[in-house]
Amino acid sequence: MKTGKRIEPENRRNGESEKHPSPVLSVSPLLRFPVSPFPRFSVSPLPRFPVSCFSALTLLLLGIFVQAADFQVSAALDRQQIALNEQAQLSVTISGSGSAVPKPQLPPLTDFQVYSAGTSQNFSWINGQASASVTYTYVLTPLKEGHFTIAPIRVQSQNQSAQTPELSLDVVKGDAAAVPGGSAEPAAPAPSGERRPAEPAIFITATVDKKTVYVGEPVTFSFRLYNRVALLSQPSYQAPQTAGFWAEDLPPQRSFTTTVRGIPYHVTEVRTALFPTTPGKARIGPAALSVRLENLGTDPFSNDFFAQFFGRGEEKTLHTEPLSIRVQALPEPKPAGFKGAVGRYALSAGVDKDHAVVGQPLTLTLTVSGRGNIKSLPDLEVPPLSNFRTFDANAATNIEKKDYQVEGSKVFKTVLIPTASGELSIPSVPFVYFDPEKGAYQSVHSRAFSVHVAAAPGGGSSASAPAYAPPGAGAGAPGIHILEEDIRYIRTPPSLSPQGAPLYRRLWFQAWMACLFLLLALGGLLRLYQKLFLSNTRLTRFRGARANALLSAQQAQGAMERLQTREAAGLLADALQGYLAAKLGADRQTLSLKEVLAELKAHGVHSHDTEKVRNLWETLDLFQFAPAQVRPDELRQALRTLEHVVDELEKDIPWKN
Amino acid sequence: MEKLKNFARARTLWLFVFCFLFPGLVRGESGDDLFRQGNAAYAKGQFDAAASLYQRAADQGLAHWILYYDLGNAYYKTGSLGKAIASYERAFRLHSTDRDLIYNLNLTSTKAGDPVLPQASLAALCWRLFYAFSLNTLTVLSALVWLALFGVLAWALWFLRPPPAELSAALALGLLFFSGWLGVRIYLNEQPEGVVSAALAEVRSGPSLSYPANFTIPEGHHVLILDEEEPVTGWLEVGVPDQGLKGWVPDSSIDKL
């Protein structure tokens, strides 16, 4: 907290201090309070001094210009009846014409504590005749209840004396509300260390405008000094301990007059803005005020001018009660970009030029203004800008405290150096804050800018631009400068169709590959079959003998139908001989009838079948050598015989390995 | 009244017939239309709008590496590094040989602190060779080698002769090489990966905010999505294999590939 800062009174801030000197005395290094107890002194155009001093000077002046003359004295009480915890105001007015005005002598008032509440005077010069009037005001605080009589108040001059009539005052038990004509204003707190419970001559209060706030939301702490007696010294104010707060003084110090329970008080108020920094229960410690005030004891109307002037009085130190504030955490979830700003803000932006040259700097100014803790505003971050190099220059804070609220602006300046020519854009910058009045996060954006950047003379970056060597630059060909790494541009084919799944996931591909596997497997199986079953050629011939013979017989029949007798006979002979060679495991080229007959006999073929074979063999030989003499029916008969013989031999010749 | 009902029935019938005959007039914008609109928005510098249009095209099933590449560009321009990297990765899985795509993917992932391309030049060369063929090309190459070997074996079977030894050995080695290469590529392609799309993903020891956050993963980093025996709605179990870490994150902070 900046307690060392001097708070100037309002009239000095307004430039009135030289014309109308302030009644404030510069005693305390901390704060200044007016010594005058009532505002009527502050309206005086005279230079302001301590009351007793001022009164003495007035009387001296009167003594210079006004010789002794007639005077009158009167006294009055503001009320006839007061409660025990109230005070009465006694006014003694001495008026005279052209003569010095003496001071009244109060009778002993043992049942009251008496404070001097000041003096007012009036001086006039009419038709060469001077007249003066001085009113002495005293505050009477009763020490007990009862009916009291104030004896006549005497005024003694050199050769004259005067006195007032007796005054009576009833002091009753109870509070102000019980007394007819009592005030209904809030009771003043009892000052520390004082015996009387209410309406003290001086007291202090400490209040806050809010008891529950969010983190960062300002709380206005008000410290007030109520006094209605003359102060002999400048009060010394000690600000409270405010751990957990960021404190900001709120000048100017405010002075005004108010009444508390019918008693006029001069109030001096000091305000401080407190910004809680952490959630939880925060405590504002007691504030303290040390003051020396005039205590006239039982003889407040002493004529000892010098005793009053040199500050006889009582030193008092007053304390306020500590205060507690409930600090709420900011709501969750916090939006992206929120960095802790609390208040109500606006964001504006500006660029110092809209035309530039590559390499020449621009200045982007972003201003966050509004109400809140300006000093603690987070820095604004300019997003990465294509074709610009950015340098954060500075941030300036301007704080105003109008109407006792902290407001102002924070200005962020960023230097942008274009690295390429063209119509370059500076996008909007977002700023997110929490508005405690709405209880919600707010987002504001600065406006975007477009800057026309011309190429630097000579191309590339300008000579005045700072050297820029991004990674990888400089090693290339002379004259090529890599300005900034950016992604490659999009692809823009006229149309797109779904690319589909990868090939290995597609069904047709998997099926095709599976077919290849199957084919290879089948080939292997076939090869195995051949290896196992088709490798014995003799057996193969044996098994296929009949089919081959019948095939040849069929071809022979075709030849017969074409009347190709010789060819048909040859086919029939081939069919018979091929069949017999295959069945008997013999070489067909060297096979003879004799061998055939011998083998048939060896295989146990019936003799009549053997005879059929011999006849058919010889018949077909004959048909081949004399085809012209063969009739068609003979060929058909030979064909039928061949089929018959094959069928018979198929039964008679078993396989022998 | 009866006439009115008949008229209403007839109108409904004609509406159905119209929709059946002219489906193009009643359906919304196609993915291809959205892609073209996205290109136009990107050209104007309206990157947010471009990203939205590209994303809608992808949501409509237009799965093409160029669409994902352009979508990654749009996300990059809007500052969403995580989403940009995820889009580039999708494009890369479909088409790994495009130089611009590799450049953008590496630039973006390097900015995110998790570069895809190795820093060492030899490792980078190996990486480029490994991805020199697209997955489809590699599949076709493997199939061709397999076909050649099949042909030799079939010839040998058919003619019942032993195949040429050198040719058979070369084809067998080639098949082994390409099959192994393809197998690793398919394995990597099928890895359940994700990219952190939130600014910072807090990885917790359990699928709830009540569990403490064990570590954080910044935006744009790759994570392995682990198999969940008992999936928890809204949460994913992820791992960082090279760090030996794993934990749970809200699924909104991960862009699954």
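Residues numbered from 1 in each chain as written. Chains lettered and ligands numbered in written order. Predicted model: local features only at pLDDT ≥ 70, side-chain atom pairs only at ≥ 80, totals over all residues.

(A) Region of interest: the overall build of chain B. In terms of helices and strands, chain B carries ten helices and seven strands. Here chain B holds 257 residues, and the buried ones make up 32% of them. Long-range contacts, defined here as pairs at least 24 residues apart, represent 51% of the contacts in chain B between residues at least 6 apart. (Helix = DSSP H or I, 4+ residues; strand = E, 2+ residues; numbered from the N terminus. Buried ≥ 20, exposed ≤ 12 C-beta atoms within 10 Å, placed from the backbone. Contact = placed C-beta atoms within 7 Å.)

(B) Inspection of the overall build of chain A at higher detail. Within chain A one finds ten helices and 29 strands. In chain A, once contacts between residues fewer than 6 apart in sequence are set aside, the share between residues at least 24 apart is 73%.

(C) A look at the nonpolar core. Counting residues in each nonpolar core, the largest one holds 87 residues, and the members touching the most others are A:Val92, A:Leu140, A:Ile202, A:Val229, A:Leu293, A:Ile325 and A:Phe431. No fewer than three residues from each of domain 1 (21–178) and domain 2 (361–454) of chain A sit in this core. Setting aside anything within four residues of it in sequence, one finds A:Val92 in contact with A:Val73, A:Ala75, A:Pro104, A:Thr135, A:Tyr136 and A:Ile153. Counting residues in hydrophobic clusters, the runner-up holds 43 residues, among them A:Ile490, B:Tyr42, B:Ala74 and B:Leu236. (Core = buried A, V, L, I, M, F, W, Y, C linked by C-beta atoms within 7 Å. Domains from an automatic or database assignment.)

(D) Local environment of the sheet that holds strand 20 (residues 323–328) of chain A. Residues and elements named next belong to chain A. Read across the sheet, three strands follow the order 12-20-17 without closing on themselves; strand pairing throughout is mixed. Among the strands making up the open sheet, the edge pair consists of strand 12 (212–214) and strand 17 (280–284). In this sheet, adjacent strand axes meet at a mean angle of 35° when their direction is disregarded. Relative to strand 20, strand 17 runs antiparallel, the two sharing five bridges. Bridging from a neighbouring strand, Gly280 pairs with Val327 of strand 20. (Pairing = 2+ DSSP bridges. Axes fitted to C-alpha atoms, helices over the stretch in contact; angles between N-to-C directions.)

(E) Layout of the interface of chain A and chain B. Contacts between the two partners involve 23 residues from chain A and, on the opposite side, 35 residues from chain B. Residue contributions to the side of chain A that touches chain B peak at six residues, all from helix 5 (residues 507–533) of chain A. When grouped by side-chain class, the residues that make up the side of chain A that touches chain B number 13 nonpolar, six polar and four charged. (Nonpolar A, V, L, I, M, F, W, Y, C, P; charged D, E, K, R; others polar.)

(F) A look at the sheet that holds strand 26 (residues 422–426) of chain A. Residues and elements named next belong to chain A. Strand order across the open sheet formed by three strands is 22-29-26, with mixed pairing between neighbours. Two strands close off the open sheet at either side, each with one partner strand: strand 22 (355–357) and strand 26. Across the sheet, the mean angle from the axis of one strand to that of its neighbour is 35°, orientation sign disregarded. Bridge count for strand 26 against strand 29 (residues 449–454) is five bridges, and the pairing is antiparallel. Bridging across to strand 29, Glu423 finds its partner in His452.

(G) Quick look at the confidence of the model for chain A. Residue and element names in this part refer to chain A. Confidence in the prediction of chain A, expressed as mean pLDDT, is 76, and 76% of residues score 70 or more. Across chain A, strand 27 (residues 430–435) holds the top mean pLDDT of 92, while helix 2 (residues 39–42) sits lowest at 29. Throughout residues 175–188 the model reports pLDDT below 50, and contacts reaching past four residues in sequence, or to other chains, amount to 37 contacts. Between residues 190–197, whose pLDDT stays under 50, and residues either more than four places distant or in other chains, the model counts 14 contacts. (pLDDT = per-residue confidence, 0-100.)

(H) Here's a closer look at the pairing of strand 27 of chain A. All names here are of chain A. Where strand 21 (residues 338–351) meets strand 27, two bridges bridge the pair, whose relative direction is parallel. Looking at the pairing, Phe338 lines up with Val432 of strand 27. In this sheet, strand 28 (residues 440–445) lies alongside strand 27 in antiparallel orientation, the contact comprising six bridges. Counted as the bridge partner of Asp435 is Ala440 from strand 28.

(I) Spotlight on the packing of helix 9 (residues 135–159) of chain B against helix 10 (residues 165–189) of chain B. All names here are of chain B. The interhelical angle for the contact between helix 9 and helix 10, taken along N-to-C directions, is 150°, at an axis separation of 9 Å. One finds that helix 9 runs roughly antiparallel with respect to helix 10. As for the relative orientation of helix 9 and helix 10, their crossing is left-handed in sense. For the pair helix 9 and helix 10, contact is made by Leu135, Leu138, Thr139, Leu141, Ser142, Val145, Trp146, Ala148, Leu149 and Val152 and by Leu167, Ser168, Leu171, Ala172, Gly174, Leu175, Phe178, Ser179, Trp181, Leu182, Arg185 and Asn189, respectively. (Parallel < 35°, antiparallel > 145°, perpendicular 65-115°, else oblique. Left-handed = near helix turned anticlockwise from the far one by under 90°.)

(J) Highlighting the confidence of the model for chain B. All names here are of chain B. Residues at a pLDDT of 70 or more form 89% of chain B, whose mean pLDDT is 86. Taken element by element, the predicted model of chain B shows its lowest mean pLDDT in helix 2 (residues 23–26) (48) and its highest in helix 5 (residues 65–77) (94). Here the complex is predicted with pTM 0.42, and the ipTM for its interfaces comes to 0.79.

(K) Seen up close, helix 7 (residues 99–111) of chain B. Residues and elements named next belong to chain B. The end-to-end C-alpha distance of helix 7, which contains 13 residues, comes to 18 Å, matching closely the 18 Å that a straight helix rising 1.5 Å per residue would cover. Listed as buried for helix 7 are Leu101, Asn104, Leu105, Leu107, Thr108 and Ser109. Buried positions along helix 7 lie against helix 5 and helix 6 (81–94). A positive backbone phi angle near 90° is found at Gly113, which sits one or two residues after helix 7. (Expected span 1.5 Å × (residues − 1).)

(L) Representation of the environment of A:Ile82. All names here are of chain A. Along the polypeptide, Ile82 turns up in strand 2 (residues 81–83). Taking the C-beta count within 10 Å as the criterion, Ile82 has 26 such neighbours and is therefore assigned buried. In the structure, Ile82 is positioned 88 residues away from Asp170 in sequence and 6.3 Å away in space, judged by C-alpha atoms.

(M) Focus on the packing of helix 6 (residues 537–561) of chain A against helix 7 (residues 565–584) of chain A. In contact at an axis separation of 8 Å, helix 6 of chain A and helix 7 of chain A are set at 175° when each is read in the N-to-C sense. As summarised for this structure, helix 6 of chain A and helix 7 of chain A are arranged roughly antiparallel, according to the angle between their axes.

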